[in-house]
Amino acid sequence: MKSFAHHYSSDISREQFELIRTDLEGIRKRTKPRKVDLYDIFCALLYTLKNGCVWRDLPSDFPKWETVYYYWLLWTKTPSCCLYQWAADGSPCDNRQCF
C-alpha cells in the first residue's frame, strides 16, 4: 500500500484516524486490496475542505485527485457529519448514527 508524506495543518494524527477507520472502510465493498492508505485520502479531503482548493489542485504529496474524489463521492453518499466535524475542529463526531 502506498503511503504519502505530507504535513499540513489540516492533517489529523494516525491515532485520531484509527477512531473512524472502520466506519470509512465499511462504506466501500472490498473486492481487492487498496493501493492507497485511507488516512492519506482522508487528510486530502480535510485539506480540500479547509483550503477550498479544487480537486485538480491537490498538492502532489497526496494521492491522485481522481482517487480522492472517488472516495469523497462514496463517503458523502452516507450521512457525513463526522467528516465535517473533523474539518471543523479535528475532534471525532460523537454521533455514532452518522455511518
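Scroll up for the structure.
Residues numbered from 1 in each chain as written. Predicted model: local features only at pLDDT ≥ 70, side-chain atom pairs only at ≥ 80, totals over all residues. Heavy atoms only, no water.

So, the nonpolar core
Quick note on the threshold: Take the buried Ala, Val, Leu, Ile, Met, Phe, Trp, Tyr and Cys residues and link them wherever side-chain atoms come within 4.5 Å; each set so joined is a nonpolar core. Summary of the burial criterion: residues with accessible area below 20% of their type's maximum are buried, those above 50% are exposed, and those between are partly exposed, where the area comes from a 1.4 Å probe applied to protein chains only. Counting from the N terminus, the helices are DSSP H or I runs at least four residues long and the strands are E runs at least two residues long.
Residues Ile12, Phe17, Phe42 and Trp75 are the most contacted members of the largest nonpolar core, which totals 21 residues. Those elements that provide at least two residues to this core are α3 (38-51) and α4 (65-75). Per-element tally for this core: the top contributor is α3, with 9 residues.

Brief notes about the pattern of salt bridges
The condition that has to hold: A carboxyl oxygen of Asp or Glu within 4 Å of a side-chain nitrogen of Lys or Arg is what we treat as a salt bridge.
As enumerated under the stated definition, the model contains 4 salt bridges in all. Residues Asp37 and Arg14 are paired through a salt bridge, measuring 2.6 Å at the closest nitrogen-oxygen approach. Here the residue Asp37 occupies a position in the loop between α2 (21-25) and α3, and Arg14 occupies one in helix α1 (residues 14-18), the gap between them amounting to 23 residues. Notably, a salt bridge pairs Asp37 with Arg21, separated by 3.4 Å at the nearest N-O pair.

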